[in-house]
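Chain residues, written in single-letter form:
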Amino acid sequence: MKFVLNQYAYSVSEDALLDDLRKVSSLIGDQYLSISKYKKFGGKHNDATFAKYFGSWLNALSKAGLRTTRNEKEMKRISDTDLIDDVKRIADVLKAETITSSQYADMGIVSLWTITNRFGSWEEFLQKAGLKTTGFKTNISDIDLLNEIERIWIILGKQPTTDDMKRGISKYHLCTFTRRFGGWRKALEEFVKYINGEVVYEEITKEYLSPKDGVKSSNTNTISKKHKTPREPSSRLKVQVLMRDGNRCRLCGIECNDGLHNIHFDHIIPWSKGGETTLENLQVLCSDCNLAKGNC
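Residues numbered from 1 in each chain as written. Predicted model: local features only at pLDDT ≥ 70, side-chain atom pairs only at ≥ 80, totals over all residues. Heavy atoms only, no water.

Engineer: Tell me what's going on with the overall build of the chain, and back it up with residues and numbers.
Structural biologist: Summing up its helical and strand segments, the chain has 15 helices and 6 strands in all. By the burial criterion, 38% of the 296 residues in the chain qualify as buried. For the chain, the share of sequence-separated contacts (at least 6 apart) that also reach a separation of at least 24 residues comes to 57%. In the form shown here, the chain has an accessible surface area of approximately 17200 Å², with 51% of it arising from carbon and sulfur atoms. (Helix = DSSP H or I, 4+ residues; strand = E, 2+ residues; numbered from the N terminus. Buried < 20%, exposed > 50% of the residue type's maximum accessible area, 1.4 Å probe, protein only. Contact = heavy atoms within 4.5 Å. Areas by Shrake-Rupley, 256 points an atom, 1.4 Å probe, with all protein chains shown as cover.)

Now the structure itself:
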């Protein structure tokens, strides 16, 4: 699959978007305009449209000359207790021990930005409410997010949109991508550079403490190398390797996944020696052959 970004279809001008923001702001008499208020009081455009043109909702507010944050008095209009009661209400409606940030975005009374601003993170908010935490990673790396975009792109067979992300197809909320990369479009642009090998990632040599003598040594299984590809093959690449090699080990010829010999996707030139995760450098091995091959 070739990963190419779609071009924008500019059917509305930036001035028209900004004028609509100012119009709704004037209508409700508030210099700060949330997405929910904009939609509630007659906003003509989708928030994704503002993100496409300006990078984010807050950037659009700034361009329109509006405030990008609520003041302290406005923040206290809804108390922490009100927010905790609201998330409990949603959990009761769904008859669930916990809810995801995506579910709250659809059913809650405030934006996720307000929640993270008040409580620090979604997980901390759930803890304060006495709900079970979701167990989602809070230390999500850039590569985690880019690999998730790849997974979704392959599932959909097309470039994912913000509407796709809001439907719960992703493990991570749309806000995670926009905060990390500065907007959904920028996240997609970074993904295309990543998937085409334009971004270089570095594997750092790990050190460990020897259990025998307490001497810190370098782990010889992890050598400092620069790579243009992630170590783990994508699902798309695994399928391509299987289509080429079949379900048989390329060294002994045994059929893999027979209950005894699990399939492994092996780097012909080892990753630790600079081998890349490409179709040409991957092969199907059974677990026995892969173990015997080691790092050779």
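Engineer: Tell me about the nonpolar core, residues and numbers included.
Structural biologist: With 18 residues, the main nonpolar core has Ile149, Phe177, Trp184 and Phe191 as its most contacted residues. In terms of residue count, helix H13 (residues 184-195) provides more of this core than any other element does, 6 residues in total. Apart from the residues lying within four places of it in its own chain, the contact partners of Trp184 are Ile149, Pro160, Thr161, Thr162, Met165, Leu174, Phe177 and Thr178. Counting residues in hydrophobic clusters, the runner-up holds 16 residues, among them Val24, Tyr38, Ala60 and Ala64. (Core = buried A, V, L, I, M, F, W, Y, C linked by side-chain atoms within 4.5 Å.)

Engineer: Can you lay out a nonpolar patch on the surface for me, pointing to particular residues and giving the numbers?
Structural biologist: Together, Val93, Leu94 and Met107 give the surface a local cluster of nonpolar side chains, amounting to about 220 Å² of exposed area. Its place among the elements puts Leu94 in helix H6 (residues 80-94). The class for Leu94 is partly exposed, based on a relative accessible area of 34%. (Patch = residues over 30% accessible without salt bridge, like charges linked within 9 Å, V, L, I, M, F, W, Y side chains within 5 Å. Salt bridge = Lys/Arg side-chain N within 4 Å of Asp/Glu carboxyl O.)

Engineer: Account for the environment of Ala16, naming residues and giving values.
Structural biologist: Mapped onto the elements of the fold, Ala16 is located in helix H1 (residues 14-28). Residue Ala16 is classed as partly exposed on the basis of its relative accessible area, which comes to 32%. Separated by 29 residues in the primary sequence, Ala16 and His45 have C-alpha atoms spaced 10.0 Å apart.

Engineer: Got a sec to walk through H6? Specific residues and values, please.
Structural biologist: In an α-helix, one turn spans 3.6 residues, which is why side chains three or four residues apart end up on the same side. For H6, which comprises 15 residues, the first-to-last C-alpha distance of 21 Å matches the rise-based estimate of 21 Å (1.5 Å per residue) to within 8%. Among the residues of H6, those classed as buried are Leu83, Ile84, Asp86, Val87, Ile90 and Ala91. For H6, the arc enclosing every buried residue in end-on projection is 155°, short of the 170-degree limit, so these residues lie on one face. Backbone geometry just downstream of H6 places Lys95 in the positive-phi region, at approximately 55°. (Expected span 1.5 Å × (residues − 1). Arc of directions from axis to C-beta.)

Engineer: I'd like a description of unusual backbone geometry, backed by residues and values.
Structural biologist: Unlike most non-glycine residues, Lys95 shows phi in positive territory, near 55°. Within the secondary structure, Lys95 is located in the loop between H6 and helix H7 (101-107).

Engineer: Any details on the packing of helix H10 (residues 142-156) against helix H11 (residues 162-169)? Residues and values, ideally.
Structural biologist: For the pair H10 and H11, interaxial distance at closest approach is 12 Å and the crossing angle is 95°. Classified by the angle between their axes, H10 and H11 sit roughly perpendicular to one another. Along its contact with H10, which presents Glu148, Arg151, Ile152, Ile155 and Leu156, the element H11 presents Asp164, Met165 and Ile169. Grouping the amino acids of the contact of H10 with H11 by side-chain chemistry returns 5 nonpolar, no polar and 3 charged. (Axes fitted to C-alpha atoms, helices over the stretch in contact; angles between N-to-C directions. Parallel < 35°, antiparallel > 145°, perpendicular 65-115°, else oblique. Nonpolar A, V, L, I, M, F, W, Y, C, P; charged D, E, K, R; others polar.)

Engineer: Lay out the pattern of salt bridges in plain terms, naming residues and giving numbers.
Structural biologist: Tallying each qualifying case throughout the model produces 14 salt bridges. Arg22 is the partner of Asp19 in a salt bridge, and the nearest nitrogen-oxygen pair spans 2.9 Å. Of this pair, Asp19 and Arg22 both sit in helix H1, 3 residues apart, which is roughly one turn of the helix. On the accessibility criterion, Arg22 (35% relative accessible area) is partly exposed. For Arg244, the salt bridge goes to Asp245, with nearest N and O atoms at 2.7 Å. Judged by its relative accessible area of 37%, Arg244 is partly exposed. Owing to a relative accessible area of 15%, Asp245 belongs among the buried residues under this scheme. Shared partners join several salt bridges into a network, and the residues in it are Asp30, Lys37 and Arg67.

Engineer: I'd like to hear about the packing of aromatic side chains, residue by residue, with values.
Structural biologist: Taken as a whole and judged by the stated rule, the model has 9 aromatic pairs. Three or more aromatic residues link up through ring pairs in this structure, and these residues are Tyr38, Phe50 and Trp57. (Phe/Tyr/Trp six-rings, centres within 6.5 Å; stacked < 30°, edge-to-face > 60°.)

Engineer: Tell me what's going on with the environment of Thr81, and back it up with residues and numbers.
Structural biologist: Considering the arrangement of structural elements, one finds Thr81 in helix H6. With 47 residues separating them in the primary sequence, Thr81 and Lys128 have C-alpha atoms 9.7 Å apart.

Engineer: Explain the packing of H1 against helix H3 (residues 47-54) to me, using residue names and the numbers behind them.
Structural biologist: In contact at an axis separation of 11 Å, H1 and H3 are set at 130° when each is read in the N-to-C sense. Relative to H3, the element H1 lies oblique. In the packing of H1 onto H3, the handedness of the crossing is left-handed. Where H1 abuts H3, its residues Glu14, Leu17, Leu18 and Leu21 lie against Thr49, Phe50, Tyr53 and Phe54. For the contact of H1 with H3, the residue count by class is 6 nonpolar, 1 polar and 1 charged. (Left-handed = near helix turned anticlockwise from the far one by under 90°.)

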